[in-house]
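Here is how the chains run, residue by residue.
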Amino acid sequence: MRGRQLSKGRNRHERFLCGGRHARFDDLRVGRVSISGRMEINVTRSLFTATSLMFLAAPIGLLSGSPAFADGFGLNAPRENAPVRNADGSETFQLLPGECSDIEYFSTELQGNTSDCGRGRNRVELYQTSTASAGDRRLYEWEIFIPKDFSYNASGARLTAVQFETGTDMLYGFELNNDGLTFRTRDCIPADEFGEWHSISVRIQYDSTPRRSLKDKTPGVFVVECDDEVIIDSTGRPNLAEGGEVQFRYGLFGARDIPETDNVVVSYRNVRVSEW
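Procedures and definitions
Residues numbered from 1 in each chain as written. Predicted model: local features only at pLDDT ≥ 70, side-chain atom pairs only at ≥ 80, totals over all residues. Heavy atoms only, no water. Helix = DSSP H or I, 4+ residues; strand = E, 2+ residues; numbered from the N terminus. Areas by Shrake-Rupley, 256 points an atom, 1.4 Å probe, with all protein chains shown as cover. Disulfide = S-S within 2.5 Å. Buried < 20%, exposed > 50% of the residue type's maximum accessible area, 1.4 Å probe, protein only. Phe/Tyr/Trp six-rings, centres within 6.5 Å; stacked < 30°, edge-to-face > 60°. Lys NZ or Arg CZ within 6 Å of the ring centre and 35° of its normal. Pairing = 2+ DSSP bridges. Core = buried A, V, L, I, M, F, W, Y, C linked by side-chain atoms within 4.5 Å. Contact = heavy atoms within 4.5 Å. Salt bridge = Lys/Arg side-chain N within 4 Å of Asp/Glu carboxyl O. Polar contact = N/O pair within 3.5 Å; in protein donor to acceptor, adjacent residues only side chain to side chain.

J.: Quick question: what am I supposed to make of the overall build of the chain here?
T.: Of the regular secondary structure elements, the chain holds two helices and 22 strands. Entry remark: accessible area of the chain is about 12500 Å², with carbon and sulfur atoms responsible for 47%.

Set out below in structure tokens:
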């Protein structure tokens, strides 16, 4: 059941990453965060340098039920109380209708300044403040809980729970919809298994070695396991463009215009990033 196809589809402290796009502090505009049309919070340049939206990176291999954003992670969120820290150490992420940030960032894809509000996007995400590049070996591990009454029916954008960003686009990502959590259309957690904690791991040796033919093997490793079952194994193939850098992000990233009846909520715990 795991492998079946579904029809639906080094440190960079000077950077603030918003919308998966790199933006230096000098590039940030003064803006506002719109919260469901009910209120606005003024955002100034000093907010990014003095408050919890940016955190110093810590060594790899650091997370074990402790708050991720206190250990080498920064936060992208349109409200101050997100994500919610629970008594058991887990973190709950929720997207609410109409929320977005109009803080501008440069988009390589669009070749210009844009924002989540301008793109009709909504997010609550924690992002690792360091990156990985060719030759680096990383093991990403986490547990995720998707409630049984989860629903996402927005048409403006797909919903992503975990992303591996290159700074210009999503390199790899876990997508979540009413049918389940998938990776490259492979079933990781089907909808009938919502309401339980599930473990996921992604083991990567980042590699940009070109292949002369499809039969050539490279040092690249890419293995995805859901509840200890391998659903993707792309070992022996390059998995990163030359000169590329990858940033790990988790939470929720989707459309701004979510139906009021949707319940766009997930929880994470025991998030770890380590070398192997």
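J.: What exactly am I supposed to notice about the state of the cysteines here?
T.: A covalent bond between the sulfur atoms of two cysteines is what we call a disulfide. Here the structure, examined in full by the defined rule, presents two disulfides. The disulfide partner of C100 is C117, and the gap between their sulfur atoms is 2.0 Å. An S-S torsion of about 95 degrees defines the bridge between C100 and C117 as right-handed. You can see C100 sitting in strand β8 (residues 100-101) and its partner C117 sitting in helix α2 (residues 116-119), a full 17 residues away along the chain. When sorted by exposure, C100 lands in the same class as C117, which is buried. With a sulfur-sulfur separation of 2.0 Å, C188 is cross-linked through a disulfide to C226. Where C188 bonds to C226 through sulfur, the torsion about that S-S bond is close to -110 degrees, and the disulfide is left-handed. Here C188 is found in strand β17 (residues 186-190), whereas its partner C226 is found in strand β19 (residues 221-226), with 38 residues between them in sequence. Taken individually, C188 and C226 each receive the classification buried, so the pair is uniform in this respect.

J.: Got a minute to help me understand the packing of aromatic side chains in this structure?
T.: To describe a pair of aromatic rings, one takes the distance between the centres and the angle between the planes. By the definition in use, this model includes 17 aromatic pairs. Seen in terms of ring centroids, Y172 and F222 are 4.4 Å apart; in terms of plane orientation they differ by 45 degrees. Their pairing is tilted. Of this pair, Y172 sits in strand β15 (residues 170-177) while F222 sits in strand β19, placing them 50 residues apart in sequence. The side chain of R269 reaches across the aromatic face of W197, ending 4.1 Å from its centre.

J.: Could you clarify how one ought to interpret the pairing of strand β22 (residues 264-275) in this entry?
T.: Across a regular strand the side chains alternate sides, sitting on one face of the sheet and then on the other. As paired elements, strand β7 (residues 91-95) and β22 share five bridges and run antiparallel to each other. What sits directly across from E91, in β22, is Y268.

J.: Please clarify how the environment of E104 should be interpreted in this entry.
T.: Checked against the element boundaries, E104 lands in the loop between β8 and β9 (105-107). Taking the C-alpha atoms as reference, E104 lies 5.3 Å from T114; in sequence the two are ten residues apart.

J.: Even after reading the chapter, I still don't get the nonpolar core, so can you show me in this structure?
T.: Side chains that are nonpolar tend, in soluble globular proteins, to be buried together. Counting residues in hydrophobic clusters, the biggest one holds 49 residues, and the most contacted among them are Y140, W142, F164, F174, L181, F248 and Y268. Apart from the residues within four sequence positions on either side, Y140 is in contact with Q128, A132, F164, I200, S201, V202, I204, Y206, F248, R272 and V273.

J.: It is not clear to me how the pattern of salt bridges should be interpreted in this structure. Could you clarify?
T.: Between side chains of opposite charge, pairing is possible as soon as their charged atoms come close. Enumeration over the complete set of coordinates arrives at nine salt bridges. Taking the shortest distance from any N to any O, the salt bridge between R256 and D257 comes out at 3.5 Å. Residue R256 is classed as partly exposed on the basis of its relative accessible area, which comes to 23%. Within this structure, D116, R123, E125 and R249 form a network of salt bridges that share partners.

J.: Sorry if this is basic, but what is going on with the environment of G220 here?
T.: Structurally, G220 is set in the loop between β18 (197-205) and β19. The spacing of G220 and Q205 is 15 residues in sequence and 5.3 Å in space, taken between C-alpha atoms.

J.: Mind showing me how you'd approach the sheet that holds β18 here?
T.: The pairing of strands in a sheet comes from backbone hydrogen bonds and takes either a parallel or an antiparallel form. Taken together, the seven strands give an open sheet; going across it, the order is β6-β7-β22-β13-β18-β19-β20, and neighbouring strands pair in antiparallel fashion. Two strands lie at the open edges of the sheet, namely β6 (84-85) and β20 (229-233), each paired on one side alone. As defined by bridge partners, β6 adjoins β7 across two bridges and the pair is classed as antiparallel. Bridge pairing in β7 places V84 opposite T92.

J.: Explain the side chain of S234 to me, please; I cannot follow it from the model alone.
T.: Within the element layout of this structure, S234 appears in the loop between β20 and β21 (245-255). For S234, a relative accessible area of 11% translates into the label buried. Polar side-chain contacts of S234 include one of 3.2 Å to the side chain of R184. With residues up to four places along the chain from it excluded, the contact list for S234 reads R184, G220 and F222.

J.: Which parts of the structure should I look at to understand the side chain of Q163?
T.: Turning to its location among the elements, Q163 is positioned in strand β14 (residues 160-165). Polar side-chain contacts of Q163 include one of 2.6 Å to the side chain of E125. For Q163, the residues in contact, after removing those within four places along its chain, are E125, M170, Y172, G173, Q247, F248, R249 and F253.

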